Amino acid sequence: MLAPAIETARETRSAAPVLEARGLTLDYATERGPVRAVDAVDFTIAEGERLVLLGPSGCGKSSILKAAAGFLPPTAGTLSLRGRPINGPGPDRIVVFQEFDQLLPWKTVLDNVAFPLVVARRKKKGEAREIAADTLRRVGLERVLNSYPHTLSGGMKQRAAIARALAASPDVLLMDEPFAALDALTRLQMQRDLIDIARETGLTLLFVTHDIDEAVLIGTRLHLLSAHPGRTITTLDASAFDIRDLGTAAFETVSRKVHDTLFGRTRAAS
Amino acid sequence: MTDTPAFDMASAGETARRWRRTALRVTRTLWFRRIVVLVVLAVAWELAARWQSNPILLPSFLEAFTAFREASLNEGLLAAAVASLSVLLKGYVAAIVIATIIVSIAAANSFVRDALQTVAAMLNPLPAIALLPLALLWFGLGEASLLFVLINAVVWPFALAALQGFEGVPETHRLVGRNYGLTGAAYVRQILIPSALPAVISGMRVGWAFAWRTLIAAELVFGVSSSSGGLGWFIFRARNELYTDRVFAGLATVILIGLLVEAVAFRGLESATVRRWGMLR
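Reading the values: the criteria
- Residues numbered from 1 in each chain as written.
- Chains lettered and ligands numbered in written order.
- Predicted model: local features only at pLDDT ≥ 70, side-chain atom pairs only at ≥ 80, totals over all residues.
- Helix = DSSP H or I, 4+ residues; strand = E, 2+ residues; numbered from the N terminus.
- Rg over C-alpha atoms; globule rule 2.2 N^0.38 Å.
- UniProt positions renumbered as here; feature names shortened; annotations may be inferred.
- Buried ≥ 20, exposed ≤ 12 C-beta atoms within 10 Å, placed from the backbone.
- Pairing = 2+ DSSP bridges.
- Right-handed = clockwise from strand over helix to strand, strands pointing away.
- Contact = placed C-beta atoms within 7 Å.
- Nonpolar A, V, L, I, M, F, W, Y, C, P; charged D, E, K, R; others polar.
- Axes fitted to C-alpha atoms, helices over the stretch in contact; angles between N-to-C directions.
- Parallel < 35°, antiparallel > 145°, perpendicular 65-115°, else oblique.
- Left-handed = near helix turned anticlockwise from the far one by under 90°.

## Here's the deal with the overall build of chain B
Secondary structure summary: chain B contains eleven helices and zero strands in total. Starting at the N terminus and walking to the C terminus, you meet the elements of chain B as α-α-α-α-α-α-α-α-α-α-α. Radius of gyration (C-alpha) of chain B: 25 Å, far over the 19 Å computed for a compact globule of 281 residues. Over its C-alpha atoms, taken along the principal directions, chain B stretches across nearly 70 × 65 × 30 Å.

Written as structure tokens, this is what we have:
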């Protein structure tokens, strides 16, 4: 489904982490005052790494991603991109949301992908469209370049959203449960394709999910969080696993281990 | 619209069946049904008028149609329509501009938003034409009074619809725009306006219908703003002179213009934008 590598893996620019969180604490304002969503979380993402934030609902994983995108300012602690603190949203961190309506309905698929290149990367429209068409071909959407998003299936919309993020070549790609609203078969295909793309382009990824198998598949590293408020439980290396390992004994072992770490502890406590 | 591919060895029965299917499909189309309704109405009108046989109370359809042609050519019906439309356009454009300014402020300031909602709710049950006596008192007999009533008829419903449109912009669209670093005017132009467009167009449509009705009603009360009167005035004058067929011709013109703007301007605008984008079905 995917064309062979067009872009070779980016060379490592420096040893400094691309994205770094230090003592990150996030609060949500509610009617009854602020509620702590995330409490003193630390993590780093190096160039080419894929960090998965994994935890039950209420663990603040999406809040961390919003903070990394610059939509939510930290209450305490710091978030920095290549050593510079994050002060607000910007096209160096493109987000892929879970919602299908993230594609702008008034633009064709091609123009949706070209849009961030024009407004954020200051490219000319023609050049932006060429890059957009290339990227869309890479995710297998060459047949719908000039269609409007409402004519696409859910899976195709998410593909287009991923293409839009890739085309903008951000420092780090932020994905907030992008496959959660898809059917199981489409999800599996998308996960496979995302890993292939990540291998080809060496992209740096922060991925949020509550699906353990998805986390082990996609992540090179897993960051497990507990709920209310979100606190770090542990960090695991998952770089050895691949789509081919799905269902093997080693994969199951790691999955179970993650599961027990996330839920076994709470069960023992309650 | 029919698909009759080239075929060989088609029997007569097959052709007849094909025709029946085509005929059936035609009867299901909207324009066919509309034409049927119009024809039925015209025939019923013609019969009723002939049976009643008093052209001063009820001229027949054909008489009205003749009067329509005559009045368009010789009696200044077209000029009256143009006069009405020019006042309407002035008032409509002014109202949209004013409403846009109010909505921009309301979108940024919650006090102004609540104020707008309160004022609009107050003026909503009041027919705009009810302000005409006051307008005449303040601005005198003339175009200014018509414009005042017109603007009042359009500003509030349009402002409310547009405000709702902007407030209904999905969070995801907002986040996508901010993610690309869009702020200020560029953010409004590239994200908020297109995303709110279905509500904005629907507000323009409602505003147009209000404006057209209000204007005709106002012209019935007092018609002459300068040398030429509008359509309302044409109807009023025809009634005074007992040219009932011309009254019908005037009414028909009001309906025709209303339908034309609706079917061509607004429908066309929608098909070119929000329908094409799947934001409206």
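## Some points on the UniProt feature "transmembrane region" (unreviewed entry) in chain B
Residue and element names in this part refer to chain B. Mapped onto this numbering, the UniProt entry annotates "transmembrane region" (unreviewed entry) at residues 30-48, 92-112, 187-210, 216-236 and 248-269. The span residues 187-210 shows a helical share of 100% and a strand share of 0%, and its end C-alpha atoms are spaced 31 Å apart. Along residues 248-269 one finds 100% helix and 0% strand; the C-alpha atoms at either end are 30 Å apart.

## A few points about the pairing of strand 7 (residues 172-176) of chain A
Residue and element names in this part refer to chain A. Within strand 7, five of the five residues are buried, which leaves it mostly tucked inside the rest of the structure. Judged by which residues are buried, strand 7 turns out to be covered on both faces: Val172, Leu174 and Asp176 on one side and Leu173 and Met175 on the other are all buried. Where strand 7 lies against strand 8 (residues 205-209), four bridges are found, and the strand directions are parallel. Each bridged residue has a counterpart across the sheet, and for Leu173 the counterpart in strand 8 is Leu205. Considered for its hand, the β-α-β crossover made up of strand 7, helix 5 (residues 184-201) and strand 8 is right-handed.

## Regarding the interface of chain A and chain B
On the side of chain B, 16 residues touch chain A, which itself brings 19 residues to the contact. Classifying every residue of the side of chain A that touches chain B gives 14 nonpolar, three polar and two charged.

## Topic: the environment of Ile257 of chain B
Mapped onto the secondary structure, Ile257 of chain B falls in helix 11 (residues 244-272). For Ile257 of chain B, a count of 17 C-beta atoms within 10 Å translates into the label partly exposed.

## Digging into the UniProt feature "domain: ABC transporter" (unreviewed entry) in chain A
As annotated by UniProt and renumbered to match this structure, "domain: ABC transporter" (unreviewed entry) occupies residues 21-254 of chain A. For residues 21-254 of chain A, the helix share is 34%, the strand share is 27%, and the end-to-end C-alpha distance is 26 Å.

## Re the packing of helix 9 (residues 184-221) of chain B against helix 10 (residues 231-240) of chain B
Working note: a packed helix pair is described by the angle between its axes plus the distance between those axes. All names here are of chain B. Two numbers describe how helix 9 lies on helix 10: the axes approach to 7 Å, and their chain directions differ by 45°. It follows from the interaxial angle that helix 9 and helix 10 lie oblique. Crossing hand, helix 9 versus helix 10: right-handed. Residues Ile216, Ala217, Ala218, Glu219 and Leu220 of helix 9 pack against Leu231, Gly232, Trp233, Ile235 and Phe236 of helix 10. Its residues assigned to classes, the contact of helix 9 with helix 10 comprises eight nonpolar, one polar and one charged.

## Section: the environment of Leu256 of chain B
Position of Leu256 of chain B relative to the elements: it lies in helix 11. Expressed as a C-alpha distance, the spacing of Leu256 of chain B and Glu171 of chain B, which sit 85 residues apart in the sequence, is 41 Å.

## Concerning helix 1 (residues 61-69) of chain A
Residues and elements named next belong to chain A. Within helix 1, nine of the nine residues are buried, leaving the element largely enclosed by the surrounding structure. Listed in full, the buried residues belonging to helix 1 are Lys61, Ser62, Ser63, Ile64, Leu65, Lys66, Ala67, Ala68 and Ala69. Phi turns positive, to about 95°, at Gly70, one or two residues after helix 1.

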